[in-house]
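Secondary and tertiary structure notes
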There are 2 protein chains.
Amino acid sequence: MNNTKILIVDDEAKIRNVIKIYLEKEGFSTEEACDGEEALKKFNVSKPSLIILDVMMPKIDGWTVLRKIREESSVPIIMLSARGEEYDKLFGFELGVDDYITKPFSPKEMIARIKAVIRRSSCFENVSTDVLKAGALSLMPKSRQVFLDNEEINLTPKEYELLCFLVKNQNTVFSREQLLNNVWGYNFLGDARTVDTHIKQLREKLRKHKKYIQTVWGTGYKFKVEK
Amino acid sequence: MNNTKILIVDDEAKIRNVIKIYLEKEGFSTEEACDGEEALKKFNVSKPSLIILDVMMPKIDGWTVLRKIREESSVPIIMLSARGEEYDKLFGFELGVDDYITKPFSPKEMIARIKAVIRRSSCFENVSTDVLKAGALSLMPKSRQVFLDNEEINLTPKEYELLCFLVKNQNTVFSREQLLNNVWGYNFLGDARTVDTHIKQLREKLRKHKKYIQTVWGTGYKFKVEK
DNA sequence: CAGATTCATCACAAAATCATCACAAAATAG
DNA sequence: CTATTTTGTGATGATTTTGTGATGAATCTG
C-alpha cells in the first residue's frame, strides 16, 4: 500500500535488521546496504525515497556518502550516529542532512522522524501544471478539483488518478494492463477487468460527456474530446 | 529580477556562507552579520526584506536582537537554532517570529520556508484584512475572535489556527500532512490523524454549518461554503 | 498547588471505496 | 446467422479510510 522505499545503510547487520523490521511494520518497503560503496550502488539502482545513513562505517564513511549523493540528488537523508560521536558536527550545520537520529533510539521516535522528513519533503515538490483542460473538463491538480461544465464533480482517488492519466495522455489508446501499470502501479496483482469498472464509474460521472472516454474494441480505452 | 535582500545573522562564518550560497542561487541578494550588534547596525542601514537570525550568539543573543528589531519594525524574521537548544522557547509562543528552522536542515527546506514567509508577509500587506469572512463565519485575526451567525464562538488556539488556515485557503484540499506542516509546523512529530480530531472539534463548533469543512476521501479536507 | 482546559493518541464504529464476480449486451469472426 | 470473444454493469464482500468517544499527559489559571 505504502510505496515509499527506504534505503538503510549501516555496517552492522543487527541494526539494519531492527530498523528494517520496524519500517516494514509501518508499511514502508526497505533496501539494505552494509557500506558506503554498496549504498551508492543501491541508491542509483533502486531510487529510494529516503535514506537512513550511518555515520561510522568502514571504507567510505557516512559523510562522504552523503556528499556523493548530494552531487546528484536531493533525496531526504537521515543520519544515524552513536550519541557523543562527532557531537559538534551533529548539531552543527552539515549540508543537506534532513535530520539526525542518535543511537540508541526508540523505534517510535525513529518512525516519527522519518514521517516528519517525508512530510516536509513532499511538501516542497513542485506541482506541475496549474490546470489541465480538455473539452468541458478542467482538472486542477493543485487543489485536486475537477470541473465539468464549470461545476465541480467529486471523484474517488482511483477515479481521479485514472482520469488524470487519460487526460494527460489524451488521444492515446491504453490497454488495461498499461492503465494498471500507470495508475495502479507495477505491483498491483489483480484482475485487469478492474479497469472496466472504474471506466464505468468515470463515464457515469462525466454524464453527458461520457463519450470522452472511448472504448477501442479489442485493445483498451482512450480519452478524446468531440467526435 | 528578485530584489529581495536577506540579512543573515550567525557567528559562524561557515554557516553564513552556506546559507548565502543557496540564497544567491535563488536570486536573493544577501547581507551578513556575525553578531547581534552588527545585526542591528546593518538592519538599520540596509533595510532587508527578511532576516535569518541565529539564536546562539556571543554578546547579544538572537532573542534580544529579535526584541530590539521588533521595537521598530515588523520585518519577517526566521530564527535558526540547533535542535534541542532552548527547546521550550522554540515551541513556546515567542512574539514576532515568523518561522524557525532547526539545524540540521536541508537547503531545499530552508529556501521553501523563506519563500513561504515572504509570501505570507506580502500577503498581509496587500490584504491586511481586519475581518475574514466566509459564509456565516467571520474571523477577526486582530482580536482572535470568531463569529458564527453573528454570535461569538470559542475556539482553542489550535482550532482557531486550523480554521484560519482553511478559510484563508478555502476551496483547496489539503492532506493531513500539509495541514500539519502549515498549522502545527514543520517540527511536529506525531500522528497525522491528530488532524482528524481537531476537524471533528471544529465541525462540532460550527454546528449547523459543519458542512463548511468537507472531507475529500483519500486526500484530506477542504473548507467550502454552500452546497 | 488544585482544577480546568487543551492536546495527542488510541481503539473501535461507521462509511466510502475497491476488486471481483456473474451475467447481460455488444462486437466480431466465420 | 450463430458461435465466440470482448465489453458493460449491477451486486457483493473485503479493504481502506474516516468519524468519534475515551483517556491520560501536558499546559494553563487562579
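If you're wondering where the values come from, they're calculated on a predicted model, not measured in any experiment.

Quick notes on the rules
Residues numbered from 1 in each chain as written. Chains lettered and ligands numbered in written order. Predicted model: local features only at pLDDT ≥ 70, side-chain atom pairs only at ≥ 80, totals over all residues. Heavy atoms only, no water. Helix = DSSP H or I, 4+ residues; strand = E, 2+ residues; numbered from the N terminus. Buried < 20%, exposed > 50% of the residue type's maximum accessible area, 1.4 Å probe, protein only. Areas by Shrake-Rupley, 256 points an atom, 1.4 Å probe, with all protein chains shown as cover. Salt bridge = Lys/Arg side-chain N within 4 Å of Asp/Glu carboxyl O. Pairing = 2+ DSSP bridges. Domains from an automatic or database assignment. Contact = heavy atoms within 4.5 Å. Polar contact = N/O pair within 3.5 Å; in protein donor to acceptor, adjacent residues only side chain to side chain. Core = buried A, V, L, I, M, F, W, Y, C linked by side-chain atoms within 4.5 Å.

Quick look at the overall build of chain A now. Secondary structure summary: chain A contains eight helices and twelve strands in total. For chain A, buried positions account for 47% of its 227 residues. For chain A, the exposed surface amounts to about 12000 Å²; the carbon and sulfur share of it is 50%.

Pairs can form between side chains of opposite charge once their charged atoms are near each other. All names here are of chain A. Inspection of every chain in the model, using the stated rule, returns 24 salt bridges over all chains. R16 serves as the salt-bridge partner of E32, at 2.7 Å between the closest nitrogen and oxygen. Of this pair, E32 sits in strand β2 (residues 29-33) while R16 is found in helix α1 (residues 13-25), placing the two residues 16 residues apart along the sequence. Its relative accessible area of 22% is what places E32 among the partly exposed residues. Where R176 meets D196, a salt bridge forms, and the shortest distance between an N and an O atom there is 2.6 Å.

Residues and elements named next belong to chain A. Relative to strand β12 (residues 220-223), strand β11 (residues 213-216) runs antiparallel, the two sharing four bridges. If you follow Q214 over to β12, its bridge partner there is K222. The hairpin turn running from β11 into β12, its antiparallel successor, is three residues long, and G218 in that turn takes a positive phi close to 85 degrees.

As a further point, take the domain arrangement of chain A. Partitioning chain A into structural domains gives domain 1 (5-125) and domain 2 (132-223). Averaged C-alpha coordinates put domain 1 of chain A and domain 2 of chain A at centres separated by 37 Å.

Okay, the interface of chain A and chain B next. Chain A puts 24 residues into the contact, and the matching count from chain B is 30 residues. Taken together, the connections running from chain A to chain B amount to two salt bridges. The partner of K224 of chain B in a salt bridge is E152 of chain A, with the nearest N and O atoms 2.8 Å apart. In this structure, the connection of chain A to chain B is made through six residue pairs in polar contact (both at pLDDT 80 or more). Mapped onto the side of chain A that touches chain B, the elements with two or more residues apiece are β5 (99-103) and α5 (107-123) of chain A. Broken down by element, the side of chain A that touches chain B gets its largest block of residues, six residues, from α5 of chain A.

With that settled, the discussion passes to the nonpolar core. Residue and element names in this part refer to chain B. L137, L163 and F223 are the most contacted members of the largest nonpolar core, which has 31 residues in total. Of all elements in the fold, only β6 (132-134), β7 (137-140), β8 (145-148), α6 (157-168), α7 (176-184), α8 (194-206) and β12 (220-223) reach the threshold of two or more residues within this core. Ranked by residues supplied to this core, first place goes to α6 with seven residues. Ignoring anything within four residues of it in the chain, the contact list for L163 reads L137, L139, V146, L155, L202 and F223.

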